[in-house]
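Chain by chain, the residues run as shown.
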Amino acid sequence: MLLKHFILFILLLLFTGWSHSQEVTVVDRLTQKRIPGVKVLCKSSDQRLIANSEGRFHLESFKDCDTIQIIYPNYVVAEYAYLDLRNIVTVELEEVQLNVEGIEVSAYRWEYDAHEIPNRVTPIDVKNVTLENPQTTADLLASSGYVYVQKSQMGGGSPQLRGYGTNRVMLVVDGVRMNNAIFRSGNLQNVIVIDPLSLSDVEVLFGPGSVMFGSDAIGGVMEFDTKKAIYAPDSTREFVQTNVFSRFNSGSNEITGHADFSYGNSRFAAATAVTYSMFGDLTAGANGDSAFLRPTYQMGDQTLINPNPRQQISSGYDQFNALQKFSFRPKDSVDWEYGFLYSTNFQDVPRYDRLIEDANEDGELDFEEWYYGPQEWMMHRLAFKSSIKHRMYDNMRIVGAYQMWKESRNDRRMGSDNIRRQLERVDAYSFNWDLEKELGESTDFFYGLESVVNSVGSNAYRDFDDNSRVTINPRYPNGSLWQTHGVYANIKHHLNENWIANAGVRLAMFGANAKFDTTLFAYPVTEMSLMKVAPSGGVGIVYRPSVKTKWYFNASTGFRAPNIDDLGKVFDSEPGTVVVPNPNLTAEHVFSGETGLVKVFGARVKLDFAVYGTYLQNAMVREAFEFNGQDSIVYEGVPSQVLAIQNESHGYTYGTQVGLEWAIVKGLTFASTLSFQRGFTFIEDSAVYFPKSQVAPTFGRVSLRYKTRQLRAEFYWVYNGEVSHERFPLTERNELIYAVDEQGRVFTPSWNTFNAKASYFFNKHLSMTLGLENITNQLYRTFGSGISAAGRSFIGSVKVTF
């Protein structure tokens, strides 16, 4: 009798209970890595669920479903009959490259399918970081083939989007704006404080993004999401993972070490990451224009002959990054997250382009020393997210953040008995409240508010060789405040199954307060107070006649509010000029239009192009000015022409971006990108249009990629077109960092490099990457840069996961 009951129990378990409790795991077909968060849908009903962080889901809830779909962005949709799936333990999804839909982007501050967005948004696949091996996040952006990067020194990298850069493009980290009150119009290096080895997602939104992101988003927005703390899939398990990574690059004798650790249960999760990189002097290539070599270098107050002109002496630096995150989920629909990000240098960062200056062209360098002190950045971020449906929202996120920036500039002219030191600190406070509401089946509504307040501390002094110190005029008015506040709303509506309309508006207010110390410099004003309003808006249309085609059009406006760097800075931009404050500035506005097409031909070829144009009104430019009725003054002992930032100009840019992908055979893909742009600025004094600054030459990237389960390889060609003298901005035609043509005029030659890299995955715990960059050892310098690129470089890295 007992045996009979036992057999019946086993049969009942096999035919009912076993199928109800069956667990299915979803993995990548090529790498066999689990795919977290896949969507599992019943094709004949509204039944759906999302797999856990280990790519697992229970099949029991779909027992009444005939056809089950398993969906994940950028993967082929898998369909199974319930009876077939009941006999499967593992589902393999195949990744696709030639897909119009399926890629989720954050253009609305919430993730949505890219096919619904009427803008060009380029995700950068951070899974390829270990293959590309970028030394900095600026290099990671450049690897996309659509972002141009300028470098004044090795410890730098100023991204440019569609003819705009520096404080006219927006940097966003974990939903928090990085742009602060002293982001300048000159080239910036702030993006390199973000650790490329601690990123989970990167997106580049091209064109004005002021509706969703506020001031500065004129050329575009670069969004960086850092590593997240990962919860365990259920209450019976824990998630634990450790990664260790090490890299060597012969071009700069770079040594990088990285480690990260993750722990999570069903309610609490933590993530920790640290990275340290040490870079030696960068060695340039051998085949190119000799103007890009370093024939001399300074030691003390002497100019010496460089025995190896390819070695760019005094270009090395180091960098340390740390990340800590904690997440707490009291229930499934509520999430709290605390994040801490930190970056600093343990040694100074040489300003290389100033160290090679020889203004008199007499063979004697102008500076003994010119370096940035250790740049320090710290961010505390607290976020609350709720998906509990409310009559006012379906999803809500609140983010409060505090950032601290410290930077300094230190320079000593050749033969001087003192060094000038300028020290700045910015304390930045921000608050974001973003809400999302579904208004019926066809309409989504996004709205929210943002508040940002910056406090700027600035001091300066001269240290003399006899150990005395003299306080001098600071770069910015000490104790100044800058603020911006805004509310926004955006709506997305499906007109029918083929047409999607978008519209948004933002109303922003910005202001600044500063007091000028007239005891150190004879300012024409003693204080400044500014408060103004800047509206922006945009509309867009998406037309999708099929799943393989997307046409889009958008028209939008953006703005940049003058910050403390624009309003209150006093500095010598170059020998013989001095920039003074102008409290009468107002916001500059951009008007932009764009149309584009994404089209997949058959199943093998994908074309992606965009054509755009922008008009910049009330542009803030540096032009001749009068100071107390004088057009020149003596500043720091040097007779100097007076300049100031003024709303005295307008300009326009236009261009195209083209991408092509061809899936030749399974695992082998050809890809190409091309960016073409032109831009002009109207100069009031001469009533003539001149080439605009920060407009890149024609540039792009062509690659051949091969991928199997254990191997990823890429051979690629990177190219830049020539920038002739006629296309040089007026402000750069006397710069000493460029090559000289046959007429003795500055220009930038075209250049190209061939490169090869490969990663081999021995198993799920160990992988190795080898690469060779600039194989033909080209000697070149990217347009606008003050340091030459690396010559032929060997790269090797190892990653261990356990």
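Residues numbered from 1 in each chain as written. Predicted model: local features only at pLDDT ≥ 70, side-chain atom pairs only at ≥ 80, totals over all residues. Heavy atoms only, no water.

A. Geometry of the environment of S442. Tracing the sequence through the fold places S442 in the loop between β32 (418-438) and β33 (443-464). Looking at S442, the relative accessible area reads 31%, which means it is partly exposed. Along the backbone, S442 and L495 are 53 residues apart, and their C-alpha atoms lie at a distance of 7.5 Å. For S442, the residues in contact, after removing those within four places along its chain, are K492, H493 and H494. (Helix = DSSP H or I, 4+ residues; strand = E, 2+ residues; numbered from the N terminus. Buried < 20%, exposed > 50% of the residue type's maximum accessible area, 1.4 Å probe, protein only. Contact = heavy atoms within 4.5 Å.)

B. Geometry of the sheet that holds strand β6 (residues 78-81). Taking strand neighbours across the sheet as the criterion, the four strands line up as β3-β2-β5-β6 in an open arrangement whose pairing is antiparallel. The open sheet terminates on both sides in strands that have one partner only, identified here as β3 (48-50) and β6. Geometrically, the sheet is characterised by an average inter-axis angle of 20 degrees between neighbouring strands, direction not taken into account. (Pairing = 2+ DSSP bridges. Axes fitted to C-alpha atoms, helices over the stretch in contact; angles between N-to-C directions.)

C. Structural view of the confidence of the model for the protein. Residue-level pLDDT values for the protein average 91, and 96% of them are 70 or greater. Considering only residues more than four positions removed or in separate chains, one finds that residues 11-20, a stretch of pLDDT under 50, has eight contacts. (pLDDT = per-residue confidence, 0-100.)

D. Geometry of the side chain of K569. Residue placement: K569 occurs in the loop between α7 (564-568) and β39 (577-580). What makes K569 buried here is its relative accessible area of 6%. Here D565 takes part through its side chain, which lies 3.1 Å from a polar atom of the side chain of K569. Beyond its immediate chain neighbours, meaning those up to four positions away, K569 contacts R184, R475, Y476, I564, V579, V580 and P581. (Polar contact = N/O pair within 3.5 Å; in protein donor to acceptor, adjacent residues only side chain to side chain.)

E. Local environment of unusual backbone geometry. Unlike most non-glycine residues, D174 shows phi in positive territory, near 50 degrees. Mapped onto the secondary structure, D174 falls in the loop between β14 (170-173) and β15 (176-177). Unusually for a residue other than glycine, N628 sits at a positive phi of about 55 degrees. Locating N628 in the fold gives a position in the loop between β41 (605-624) and β42 (632-635).

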